[in-house]
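The chain contents come next:
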Amino acid sequence: MRPDPYGLGMASPELSQSLHSVIESYLLDGPRRYSREDVAELSGVPADLSQRLWISLGFAANPDTEALDFTDGDVKAVRTFRGLGSLADVDVRRQQAAARTIGQSMARLAEWQVDLVAAEIANRIRGLTAADPELDEADAARTATEEVVAEILSLQAYAWRRHLAAALARTSPGGGNAESLRAVAVGFADMVGYTRLTRHLDPDELNDLLESFETITTEAITANGGWVLKNVGDEVMYVAETAVAGARISLAIQEATVEAAATPDLRVGLAYGRVLQRFGDLYGSVVNTAARLTGVARPGAVLVDDGVATELADEPEFTLRHLRAVRVRGISRLRPHLLRRAGQPNGRLGSDRRRFRESRK
């Protein structure tokens, strides 16, 4: 546990721990008072299954089966999870996969939010106790936590509903299962020389670099009708409904990078075809091809596969230069095509690295 995790600056460690318990009790929807067997009895879900779901959600399982680790909120969650009709009749592995996906997403969100939430709760507690010196700090902590959590949950619910509406609009009829096949354009963009560069950056500079990269790529992707699937360090994976949209996104990413001069050159690879959509991620040869194209692209270039090239054959806004086939890991003969906008000079589309170096001074 982090020391004084809510930034309260309390002189008494006991008081700080007391406030921690108050806040935890609210977050967990009650005190810890049930064992694993109690949860099984109250929820109607066998203990071994509830434990597997618990672990899949990303929580550590106490080897002491009689430990009182669970709350009313945990019992309610187990009931709700098992009550979802689309999951109730599937095998345990599918249930665990669903729980794992939810858990990983929420864990990452919580890790990002913890400092923000803690600081906001601390500010509210200080404000409440300053306004009413007679107010008990435990009551102030409860009130502050309730307000902050309610506000953040409202924002999260709003964002989730909007994203869900967008995802539903992209889902083809009959394709709403957790696992389905669909034809999409998949792209990757990554920074050239990132590993070498990070050795010379302090944490603040690295944070600024990643923020610039994510801002540039996200804006280019969403503005051109695609969506970010995930960011992993120096790389972003994005998706578009059509090869045309994917091509526009890929070129826009490179053009925005040149204009901003806030990151190193990028390599971009794009492929089009049928992929397996599984719990919010994409799998299959199209994904692998896009990744391999990114790896062999020159800095500042956009390489596409045969699937994209075929879809763009009659599109006047693009030009394609067919390159020699290359052999890459897992693909014996990969035929790349260099993508440009119509009328673009033959020189590579890439940022002037001197501009980037100067911007770091």
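What you see is a predicted model, and the numbers here were worked out from it, not measured in a lab.

(A) A look at the overall build of the chain. Scanning the chain from terminus to terminus reveals 13 helices and ten strands. Across the 361 residues in the chain, those meeting the buried criterion constitute 38%. Put simply, of all contacts in the chain between residues at least 6 apart along the chain, 68% involve residues at least 24 apart. Accessible surface for the chain amounts to roughly 20,600 Å². Of this, 52% is attributable to carbon and sulfur atoms.

(B) Main features of the pattern of salt bridges. As enumerated under the stated definition, the model contains eleven salt bridges in all. For D139, the salt bridge is made with R142, and the minimal N-O distance between the two is 2.5 Å. Placement of the pair is D139 and R142 together in helix 7 (residues 137-170), with a separation of three residues, close to one helical turn. Classification of D139 as partly exposed rests on a relative accessible area of 34%. Relative accessible area serves as the criterion here: at 40%, R142 is assigned to the partly exposed category. Between R248 and E317 there is a salt bridge whose closest N-O contact spans 2.7 Å.

(C) Highlighting the side chain of R36. In this structure, R36 sits in helix 2 (residues 36-43). The buried charged residue R36 lacks any salt bridge, with E37 as its nearest oppositely charged partner at 6.5 Å. Of the polar contacts made by the side chain of R36, one reaches the backbone oxygen of N62; its length is 2.7 Å. Not counting the four nearest positions on each side in its chain, R36 is found in contact with A47, Q51, N62, T65, A67 and F70.

(D) Representation of the packing of aromatic side chains. Applying the stated criterion to the full structure yields two aromatic pairs. Taken together, a centroid distance of 4.7 Å and an interplanar angle of 40° make the contact between W54 and F59 tilted. Using a relative accessible area of 43% as the deciding quantity, one classes F59 as partly exposed. Pairwise contacts between aromatic rings join W54, F59 and F70 into one cluster.

(E) Spatial organisation of the pairing of strand 2 (residues 227-232). Here strand 2 runs beside strand 3 (residues 235-240); their pairing, made up of five bridges, is antiparallel. Within strand 3, the residue paired with V228 across the bridge is Y238.

(F) Geometry of the nonpolar core. Core analysis: the largest hydrophobic core is formed by 30 residues, its most contacted members being Y238, I253, L270, L312, F318 and L339. Secondary structure elements with two or more residues in this core: strand 1 (179-191), helix 8 (194-198), helix 9 (203-223), strand 3, helix 10 (243-260), strand 4 (266-278) and strand 6 (302-304). No other element matches helix 10, which puts eight residues into this core.

(G) Up close: the environment of R267. With respect to the secondary-structure elements, R267 resides in strand 4. Judged by relative accessible area, which is 22%, R267 ranks as partly exposed. Sequence separation between R267 and V296 is 29 residues, and the spatial gap between their C-alpha atoms is 8.3 Å. When residues no more than four places from it in sequence are discounted, the contact partners of R267 are F188, A189, D190, V192, Q254, T294, G295, A297, R298, P299 and A301. Among the polar contacts listed, one links the side chain of R267 to the backbone oxygen of A297, at a separation of 2.8 Å.

(H) View of helix 11 (residues 285-296). With twelve residues, helix 11 ought to run about 16 Å at 1.5 Å a step, and its terminal C-alpha atoms sit 16 Å apart, in line with that. Every buried residue of helix 11 is accounted for by V286, V287, T289, A290, L293 and T294. End-on view of helix 11: buried residues confined to an arc of 165°, all on one side of the axis. Residues of helix 11 that are exposed and point more than 90 degrees away from the buried face comprise S285 and G295.

(I) Up close: the packing of helix 3 (residues 47-56) against helix 6 (residues 92-131). At a minimum axis distance of 8 Å, the contact between helix 3 and helix 6 shows a crossing angle of 35°. For the pair helix 3 and helix 6, the sense of crossing is right-handed. Residues L49, R52, L53 and S56 of helix 3 touch helix 6, and the partners they reach there are V92, Q95, Q96, A99 and R100.

(J) Spatial organisation of the environment of A144. Checked against the element boundaries, A144 lands in helix 7. In this structure, A144 is in contact with I121, R124, I125 and L128, ignoring residues within four places of it in sequence.

So, how was this worked out
- Starting from 1, residues in each chain are numbered consecutively following that chain's sequence as written.
- Residues qualify for local features only when their pLDDT is at least 70, as the model is predicted, and side-chain atom pairs are given and counted only at 80 or more; totals for whole chains, interfaces and linings, by contrast, use all residues.
- Hydrogen atoms and water are omitted, and side-chain values are computed over all heavy atoms in the structure.
- Secondary structure elements follow DSSP: runs of H or I no shorter than four residues count as helices, runs of E no shorter than two count as strands, and numbering proceeds from the N terminus.
- Throughout, exposure labels follow a simple rule: accessible area from a 1.4 Å probe, protein chains only, divided by the maximum for the residue type, with under 20% read as buried, over 50% as exposed, and the rest as partly exposed.
- Contacts are residue-level and defined by heavy atoms, with any inter-residue pair within 4.5 Å sufficient.
- Every accessible area reported is derived by Shrake-Rupley at a probe size of 1.4 Å, with residue values counting cover from the shown protein chains alone.
- Any carboxyl oxygen of Asp or Glu within 4 Å of a side-chain nitrogen of Lys or Arg constitutes a salt bridge here.
- His is not counted, nor are the chain ends; Lys and Arg add positive charge and Asp and Glu add negative charge.
- Polar contact criterion, stated in full: a pair of N or O atoms within 3.5 Å, where within protein one must be able to donate a hydrogen and the other to accept it, and residues adjacent in sequence count only if both atoms are side-chain atoms.
- Aromatic rings from Phe, Tyr and Trp, with only the six-membered ring used for Trp, were paired whenever their centres fell within 6.5 Å, and each pair was classed as stacked if the ring planes differed by under 30 degrees, edge-to-face if by over 60, and tilted otherwise.
- DSSP bridges decide pairing: two strands pair if at least two such bridges lie between them.
- Nonpolar cores were defined as sets of buried Ala, Val, Leu, Ile, Met, Phe, Trp, Tyr and Cys residues, with membership established by side-chain atoms within 4.5 Å.
- Expected helix span is computed as 1.5 Å times (number of residues minus one).
- Here, the arc refers to the directions that run from the helix axis to the C-beta atoms.
- Between N-to-C directions, angles span 0 to 180 degrees; the directions come from axes that are lines fitted to C-alpha atoms, helices contributing only their stretch in contact.
- The sense of a crossing depends on the near helix, which, turned anticlockwise from the far helix by less than a right angle, makes the crossing left-handed and, turned clockwise, makes it right-handed.

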